[in-house]
Each structure stands twice: as C-alpha cells, then as structure tokens.
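Structure at a glance
Spelled out, the chains give:
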Amino acid sequence: MPNAAMTACAAVMMLATGEALADNAPSADSPYLALPYTPSLDVASMDRSVDACEDLYTYACGGWQKNNPIPSDQSVWGVYSKLHADNQHFLWGILEVTAELNAERTPTQQKIGDYFAACLDLDAIERSGSAPLAADLARIDAFADKRALGAWVGELHARTASSGMLFGAGVEQDARDANRVIAAIHAGGLGLPDRDYYVKDDAKSMATRERYRTHVAKMFELLGTDQLAAHNDAAIVMRIETALAKASLTRVEQRDPYKIFHRQTLAALQKMAPAFDWPAYFSAVGLNPQPWLNLAQPAFIKELNAQISGESLSDLKTYLRWTLIDASASYLSKNIVDEDFAFYSAYLRGVQTDQPRWKKCVTWVDRDLSEALGKEFVAHAFPAAMKAKTLLMTTQIEAAMQRRIERLDWMRPATKKEALAKLAQIRNKIGYPDLWRDYSSLIILRGDFFGNVTRAISFESQRQAAKIGQPVDRGEWQMSAPTVNAYYDAQMNDVNFPAGVLMPPLYDPKMDDAPNYGNTAGTIGHELTHAFDDQGRQFDGDGNLRNWWAVRDAANFENRAQCIRNQYSNYVIVDDIKINGALTSGEDIADLGGELIAWMAWQEQTRSMQLAAADDLSPPQRFFVGFAQWACANQRPETLRVNAIVDPHSPPRDRINGVVTNMPEFAQAFHCKPGQALVKPPEKMCKIW
Ligand SMILES: [Zn+2]
C-alpha cells in the first residue's frame, strides 16, 4: 500500500516581510535568493472582527485570505503553497548557478544545472514539436498483432511512469511481509482524475466528460489527425476508459488495505488475463514478478482483458496513441502544452494562466533529480538547529501519544500492549536522507530536454525495480527535502518530515512555543496518529497487515471513527457538494489526534514556565491561532470540486474548525459559551485518542 497518509506544512532563511517574491530571475549579485520570513503566528493574518468561538478559521486566517488572492497560475493559494512557491524561487537561484557552463560544478551539480538549462531551452523544444513521439507513434501504427502490445506497453511504462496506459505497475512491500518487496499491478488507464468522472450522471459530470472528449480530439488533431477522424478517435478513447473506470474501485474502497491486496503468481495473472502477454510485459518493464506479485484490483484486470480481447486492434491503437501523447504533453511544443493546460488546469481546476517556464523546470528537477537538488537546498537553507528542535518535538509528541494510549478507557490491556509496541517501533525521519542518492549512471544532456526526462524516468523505474529481492531500505525518502509536506508510511512504520515543512511560517525558531506547538507539533502529531487511524491501525509495528485488535476494542475504535465521519459529512465543500466523510476519515482522525497530543506535549514542555500573553492573545489562544494559521488558504471553486472527489483531506476551514469543536481546551481558551458554533456539548464530542 503506497503511503496511507500525507499532511502538509513550511519556511526558511529570513527576510523582513511575508511578501511573495516576484517572478524576477535571481541575479548575479544574489544567486541564492533569501527566503522571505513570515512568523508562525502572524497577527496581520487574523480577522479579529470575527468571534473565534463561531469560526476560528476566519478569526485566524481572515486577514490572510484578504491579503493573498490566488495568483493567476495557481489552483490554490495557502500558507503551504506560498511557502512552496518561496522554496521554488530559492531553488531557482541554486539552479541558475549550477546551470552556468563556466562555473565550478561537481558532477551532480552539473546534472541539475544541465537538466534545468535544457528545460529552459524553449527554442529547441519548439523546433522538435511532436517529433519526440514520432518513433513510438510509428511503432503503434506497425502493430499487426495484439500480442505485441505486452512488450511495448512494458517499455513505455518504464520510460513514462504513466499509469494512464491501460494500467499501472510498480513495486511495493508485501502487505503480509513488509521485509519483502514485490511487483504490483494497479488499476489505471484513465485520462480524467478519477473513475467517478466516468460513472456519475449529474449534469456537471456529463459536461466535464463532453469537454474531455473535445480535448482528446484536439490533441489528436495536433498530432495531424483530421477533424472528423479525431472526433471518432475521441469516442473510442472514451469508450475504453469508461469500461476501465467502471471496473475500478472507488477511492473509499481503496482505503481498505484488504481490498487492494491479492497475492498471485504470474501464472495466475496470465490465466486471469490471457489476452495480454504478461511475461513479455514484465521483461520489458524490468520488473521481476517472482515469487509472486500483488494484483491490487483483480476485477479491473479482468476488465482489462475483456477490453484487449474485445476491442479491435485498430481501436486499441487509437487508445494507445492517446495515452502516449497525454503522458508526454507537458514536455512537447507550445501548442500541445497549451491544449493540455486548457483542459487539465484551466477547465478542471480554474487556473487562469500557465506557470512560467522556470517554475515548471524547477518542479521537474525536483522530481527527476530530487536528492541532487535536495542536497543543495539543505546545505543552504536548513540549519542543524532546526533539525534538533524538530527531533525534540517529535520525541515529546511520541511520549504524549504513549500517555494517551496508556490512559484510554475504551481499549483493553492486550490491545494497548500491541499499540504501545507499534508506537515504540516508529522511525523518525527529519529533514533529509542520511545518504544521498547516486545519480552517476544517469545521462543528462544540454539541448535534449525530452531525452533527459525519459532517461530520468527510466533511471527511477530501474531503481525501483532493483528493490525486488533486496532488503528493504528503511532510510529511503518518498518526498524531496524542499517539499512542503510530510507523511506517515504504514509499511515502513515511519514518520517523515522534509526540511521544507520545518521552516517559518510553520516552524518558527523566533516565536514562542505556543504557536509552534499548535502548528508544527500538531503536524508531527498528525503524522504519528496516521499509524493509528482507521487505515494505519490495520498494520502492526513491523509494517505487516495483521489484525492486532481485540474484537471489542476494534468495535470501540470504529464507533469513535464513525462519530468523526458523521461530523465531517455535514460540512459543505462547494455548492451542494459535501465532504465524503468515508474518504477523509483517516485525515480527519489524524487532524484531531495530532492536535490533542500536540496540546499535551506543549503542556508538558511549558509546565514549569511562566507563560506570557502577547499580541492580546493568551498562551492557549496563541496555541490555537498558531494551529489554525498553517491552513490559511484561498481555493478556486473548480479546484474544490476536483478535491471533493480526489483529495482525502477535508478543506482547510473544516480541518481547523472541525478539530476544535472536539477540544474542550479550545472553548476554555476563548471563553466560548454553550450554543456557539464551535461548542459541542461534551457528550457529543468525538474522541479517539
Ligand atoms: Zn495526513
């Protein structure tokens, strides 16, 4: 199971204000742009005309929302995304320096610099047009037999990493034996963001499908197909994708680790889906399917087989042509990039203008050479003191969680013993990896952007494939160091906090403890709680899918989780769309549990201190405003609609207000009265940990 859980956070070196950096290129005078400083509790972001007991989120974030309209190239704009943008700007400075041909560069700096320079070379990219696809398109044309698809799809998967071509593949830890890495086949093959887009029949979903069909047709036209044929081709794509979507599990179903784990042999797979040449596929993609593999969604694989055997070779070729261009669109010439943007960003998410080229290039270096760039970032932006303080907070949070578990009145001793053992086994990973990845075998060439992307993705595919049969690398990170986010991995049983999420305005060494514990300790607590949310709790301390819960304790947990699902399912996301509490319950549970243990850790940390009020806020009020301000954000309604389907997190307002209604400490801090919006009677409060 890939990462049960992700939250977010962020800030770095300090300037004077919280102004967003302009899109000015770094100059020779200041190659490394300093990161702007915003405090982790910012009174200018508040709106004190609002009563915190009615709406803590607007009380803490109303000023921020007013002062930070969404930039035209962004789909959301929040404290996290702003810090992400600042980090990108900082990385731009690093990449400008390493792209200098006559600068003194280590071989690794040379790779990130040359990748960046090739990415910025729009003239060369424009001259190539769709030519980088020509050889693959010709091969599709030449297929005379469906058996040939296996080897070709394998090769394409290895160098595009796309799960949009028929299905997805990769490696994962065996759910029953976390020490073993095996190959896995996942559902995939879709161009829209989720299977729901193909099966819902409300007016908006139908309109989106119609617009998607137009987009697919336009892309075919850009490859040289005439208008009428392109229209027909789009209908073929839609037909095949709809069939695959219908056979795919919903996101809620996929939250059940038992529903997505089906250990099978290659022979069983070949029997289940004989129309596809699986041995040729595995050989070409470079994955060893021995001794067994995970067929995450068997019903999907059966439908895949039905499509391959039932559709004509000619129509399958049409579908494959589409998946090829869709996977590569971002790296091709402007007409293709623009059409891709018009559908996926403008129509689906409401974004007004495409990102400037440098931002895309920074994003791709961060993806394709993540640890080469991350190493530079850490060297310039993450002092050792920040790492030390965060590590201290993490151990405090774990101690608080231990006390919580020990005192639970609904869990019996045998289950508690298992829970405490799991807690003790969690690994803490802070800032960046101990060992940086070696990219020496990856060839990066100036002037060959498309080739660089392809080689980098192939390098990563091979690196992943090589894990099969080898001991699990517990030190590996799944996020790059500058990333403004964090995660818990249930099979590794580790919490991971990249440097990017441990900086102001998230963790702020200049600020008093209260907002820092409300904010960063809350994030650490959130990730830790994922080990015990409705999904994470099904894994044991070794990372194995194993039920360690006494029946009555599991029922108690589920009742309490249901209280949270019911609460969040009443919140409106946009228009008439409400939160799907079954989708967001893992995150909602982690938000609440995380903040409760952050509160405990803060109390413990400051027990013998005389705390002072500041900014007309008492220390407990500063804790809660600090908590709320990580989530300050503006979101486009179009993006909210997409998120309602694909995002396991509730919207920011509900992640804040939803938590504090279940914390008596909040009502007490703000002297709230019964009957106010964020005050629940104690017997109605949801509580797990
Ligand atoms: Zn999370």
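To keep things clear, this report deals only with the structure shown in the data block. Predicted model only: the values in this text are computed from it and were never measured.

Quick word on the sheet that holds strand 3 (residues 168-174)
Strand order in this open sheet of four strands is 3-4-6-5, and the pairing throughout is mixed. Each end of this open sheet is capped by a strand with a single partner; those strands are strand 3 and strand 5 (263-264). As paired strands, strand 3 and strand 4 (residues 177-186) are joined by seven bridges and run antiparallel to one another. Considered in strand 4, the bridge of Ala169 is made with Ile185.

A look at the packing of aromatic side chains
Considering all chains together, one arrives at 41 aromatic pairs under this definition. Where Tyr331 meets Phe450, the ring centres are 6.5 Å apart and the plane angle is 70°; that geometry is what we call edge-to-face. A residue pair is termed long-range when its members are at least 10 positions apart, and Tyr331 in the loop between helix 14 (313-328) and helix 15 (334-349) and Phe450 in helix 20 (residues 449-465) qualify at 119 residues. Where Trp599 meets Trp602, the ring centres are 5.3 Å apart and the plane angle is 65°; that geometry is what we call edge-to-face. A residue pair is termed a helical-turn pair when its members lie 3 or 4 positions apart in one helix, as Trp599 and Trp602 do in helix 23 (residues 581-605) at three residues. Taken as a pair, Trp599 and Trp602 share a single burial class, namely buried. Aromatic rings pair up to connect Tyr59, Trp599, Trp602, Phe623, Phe624, Phe666 and Phe670 into one cluster. Geometry around Phe449 places Arg357 over its ring, the cationic atom sitting 5.3 Å from the centre. In this structure, Lys422 packs its charged tip against the face of Phe532, placed 5.6 Å from the ring centre.

As for the pairing of strand 8 (residues 486-489)
Here strand 8 shows a buried face lined by Ala486 and Tyr488 and a second buried face lined by Tyr487 and Asp489. What sits between the antiparallel neighbours strand 8 and strand 9 (residues 494-498) is a turn of four residues, in which Asn493 has the positive phi angle 50°.

Some thoughts on the state of the cysteines
All chains considered together, the criterion is met by four disulfides. Disulfide partner of Cys53: Cys672, at an S-S distance of 2.0 Å. Between Cys53 and Cys672 the disulfide shows an S-S torsion of about -85°. By sign, it is left-handed. On the criterion of sequence distance, the pair formed by Cys53 in the loop between strand 1 (5-7) and helix 1 (56-67) and Cys672 in the segment after helix 27 (664-669) is long-range, its members being 619 residues apart. Assigned by exposure class, Cys53 and Cys672 land together as buried. Between the sulfur of Cys61 and that of Cys632 lies a disulfide, 2.0 Å long from S to S. Across the disulfide from Cys61 to Cys632, rotation about the S-S bond amounts to roughly -75°, and the bridge is consequently left-handed. Of this pair, Cys61 sits in helix 1 while Cys632 sits in the loop between helix 24 (619-629) and strand 12 (633-635), and the two are 571 residues apart along the sequence. No difference in accessibility class separates Cys61 from Cys632, as the two residues are buried. Among the cysteines of the protein chain that take part in disulfides, numbered as they appear in the sequence, the pairing is 1-7, 2-6, 3-4, 5-8.

What counts and what doesn't
- Residues numbered from 1 in each chain as written.
- Predicted model: local features only at pLDDT ≥ 70, side-chain atom pairs only at ≥ 80, totals over all residues.
- Heavy atoms only, no water.
- Pairing = 2+ DSSP bridges.
- Helix = DSSP H or I, 4+ residues; strand = E, 2+ residues; numbered from the N terminus.
- Phe/Tyr/Trp six-rings, centres within 6.5 Å; stacked < 30°, edge-to-face > 60°.
- Buried < 20%, exposed > 50% of the residue type's maximum accessible area, 1.4 Å probe, protein only.
- Lys NZ or Arg CZ within 6 Å of the ring centre and 35° of its normal.
- Disulfide = S-S within 2.5 Å.

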